[in-house]
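Below are the chains, spelled out letter by letter.
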Amino acid sequence: MLHPNDPTLRSFIDVDPSSDFSIQNLPYGVFSTAANLTPRVGVAIGDYVLDLWELEQDCRLDVGPLGVFSGASLNPFMALGPKVWTRTRARISELLRQDHPELRDNEELRSRALVPMRDARLHLPFTVSGYTDFYSSKEHATNVGVMFRGKDNALQPNWLHMPIAYNGRASTVVVSGTKVKRPRGQLKPPNVDAPSFGPCKRLDFELEMGVVIGQPSPMGGMLTEQQAEEMIFGFVLLNDWSARDIQQWEYVPLGPFLAKAFATSISPWVVTREALEPFRLKGPEQEPAPLDYLRQNKPQNYDVALDVSLRAASANAPAGISRTNFKYMYWSSVQQLMHHASSGCAMNVGDLLGSGTISGPEKNQRGSLLEISWNGTEPVELPGGVKRSFLEDGDSLVMRGWCQADGYRVGFGEVEGTILPAE
């Protein structure tokens with residue numbers, strides 16, 4: 001059988017070469033339709049969703065206990081482990097191949113199992129057990145440090161020795177398309193003596209990738225590089241919305257809290273680690289060399305192009321404001337996971353790790369408005385004479401990500417959010 005990543009594979013379903021959802025991708029999600037309101041698991045292929053519950057009922061997919069794909073979460077499937085993930089992806093790939101007749105020539109099964117994407121309502125793809133947000137882009141950390149501490153003290157002394165992170169809120173992780181209310185909080189600009197309470201005035205986005213943990217680790221243990229890698233089920237696009245003015249007042253001494261707790265948006269499709277394998281590459285040189293427990297013996301970064309566009313409330317069309325790449329991350333997802341578990345912290349199926357804001361070395365590669373507008377001093381110019389330093393009510397932000405190969409893409413779709421006024 002041809003490997004699911006084989007670049008020569010083609011599906012009997014017509015897939016545009018520019019589609020994110022090639023047969024080499026096969027990302028997992030949860031969907032429902034107007035005709036069937038029950039959420040279940042599907043895979044994206046071109047302009048369709050392949051209903052895995054229909055295939056499971058028809059005995060075309062055998063993943064173990066019947067009903068793994070009948071629920072509103074990927075967690076039961078992820079819990080079955082990497083061998084089942086690999087076997088299942090290979091079987092789905094086989095069923096969708098243009099030279100395989102089993103689904104291609106079964107008109108009745110095709111009519112039940114292939115749902116036009118336009119008819120599908122996409123849901124949060126997995127139950128988020130816990131959420132941790134890292135701070136692992138050297139370019140982003142340096143930009144923020146220069147803004148607030150000056151060039152000579154841009155990076156804190158610990159930053160080059162370990163992946164820095166904070167524990168966020170799983171309860172407010174939402175799927176793309178969910179509208180986000182402007183948060184409220186304590187505000188204290190530097191020029192006033194006492195704080196006040198009210199709506200955030202400096203609302204921002206953070207362009208990130210999210211790592212979806214598919215296997216648990218025991219409390220008290222540690223993880224090797226291979227163990228950490230095998231625990232990663234896949235990746236999503238992630239927008240960690242940020243209230244910069246609330247954070248400025250609250251973050252000393254314990255770090256981000258309410259400024260990051262109000263909403264985190266993720267894309268509805270989880271692209272598997274296996275699908276990204278052809279796009280693996282070495283990350284930036286790490287100097288000083290990490291401590292032994294964080295050492296990597298093989299490349300752990302990925303070549304994922306990332307794009308951010310902003311549609312101002314008064315505009316009819318979005319405008320691009322940033323284009324960067326996941327490959328720039330200083331600390332890899334595997335290192336983040338090894339560090340997370342190193343103290344003895346147990347990891348659970350469904351844990352979500354945010355990469356931290358992804359910025360590249362160039363000015364047009366900055367992954368937040370804080371950086372793009374340089375803390376409001378250089379507003380972004382949008383079509384029609386509109387300017388933005390931070391997000392305003394009615395603004396809509398879209399992030400996209402994809403890996404480009406010769407003749408096909410492995411993409412993530414998009415994560416979108418529109419800002420509503422504070423109540």
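Worth saying up front: this structure is predicted, and the values here are computed from it rather than measured.

(A) Expanded view of the nonpolar core. One finds Phe205, Met209, Phe235, Ile321, Phe326, Leu337 and Leu397 to be the most contacted residues of the largest nonpolar core, which totals 58 residues. Setting aside its immediate chain neighbours within four residues, Phe235 contacts Met209, Gly210, Val211, Trp269, Val270, Val271, Arg273, Leu276, Tyr302, Phe326, Ser333 and Phe412. Counting 40 residues, the second-largest nonpolar core is a separate cluster that includes Val63, Val128, Phe233 and Val270.

(B) Structural view of the pairing of strand β3 (residues 48-51). Relative to β3, strand β2 (residues 40-45) runs antiparallel, the two sharing four bridges. Following the sheet pairing, Gly42 is matched in β3 by Asp51. Hairpin connection of β2 to β3: two residues between the antiparallel strands, including Gly46 at a positive phi of 60°. For β3 and strand β4 (residues 114-116), the ladder comprises three bridges, and the chain directions are antiparallel. Note on β4: the bridge partner recorded for Tyr48 is Pro116.

(C) Broad picture of the sheet that holds strand β9 (residues 180-181). Taking strand neighbours across the sheet as the criterion, the five strands line up as β9-β26-β25-β20-β21 in an open arrangement whose pairing is mixed. The open sheet has two edge strands with one neighbour each: β9 and β21 (319-325). With two bridges connecting them, β9 and strand β26 (residues 409-420) associate as parallel partners. Across the sheet, the residue bridging to Lys181 is Leu420, located in β26.

(D) Quick peek at the UniProt feature "domain: Fumarylacetoacetase N-terminal" (unreviewed entry) in the chain. Following the UniProt record, one finds the feature "domain: Fumarylacetoacetase N-terminal" (unreviewed entry) at residues 24-125. Between the end C-alpha atoms of residues 24-125 there is a gap of 20 Å, over a span that is 35% helix and 23% strand.

(E) Representation of the packing of aromatic side chains in the model. A full pass over the atoms with the stated rule returns 10 aromatic pairs. Relative to Tyr330, the ring of Trp159 lies with its centre 5.3 Å away and its plane at 50°, an arrangement referred to as tilted. Placement of the pair is Trp159 in the loop between α6 (138-149) and β7 (165-167) and Tyr330 in the loop between β21 and α10 (333-342), with a sequence separation of 171 residues. Residue Trp159 is classed as buried on the basis of its relative accessible area, which comes to 2%. A relative accessible area of 4% places Tyr330 in the buried class. Ring pairs connect the aromatic residues Tyr28, Phe69, Phe77, Trp85 and Phe233, which therefore count as one cluster.

Definitions and limits used
Residues numbered from 1 in each chain as written. Predicted model: local features only at pLDDT ≥ 70, side-chain atom pairs only at ≥ 80, totals over all residues. Heavy atoms only, no water. Core = buried A, V, L, I, M, F, W, Y, C linked by side-chain atoms within 4.5 Å. Buried < 20%, exposed > 50% of the residue type's maximum accessible area, 1.4 Å probe, protein only. Contact = heavy atoms within 4.5 Å. Pairing = 2+ DSSP bridges. Helix = DSSP H or I, 4+ residues; strand = E, 2+ residues; numbered from the N terminus. UniProt positions renumbered as here; feature names shortened; annotations may be inferred. Phe/Tyr/Trp six-rings, centres within 6.5 Å; stacked < 30°, edge-to-face > 60°.

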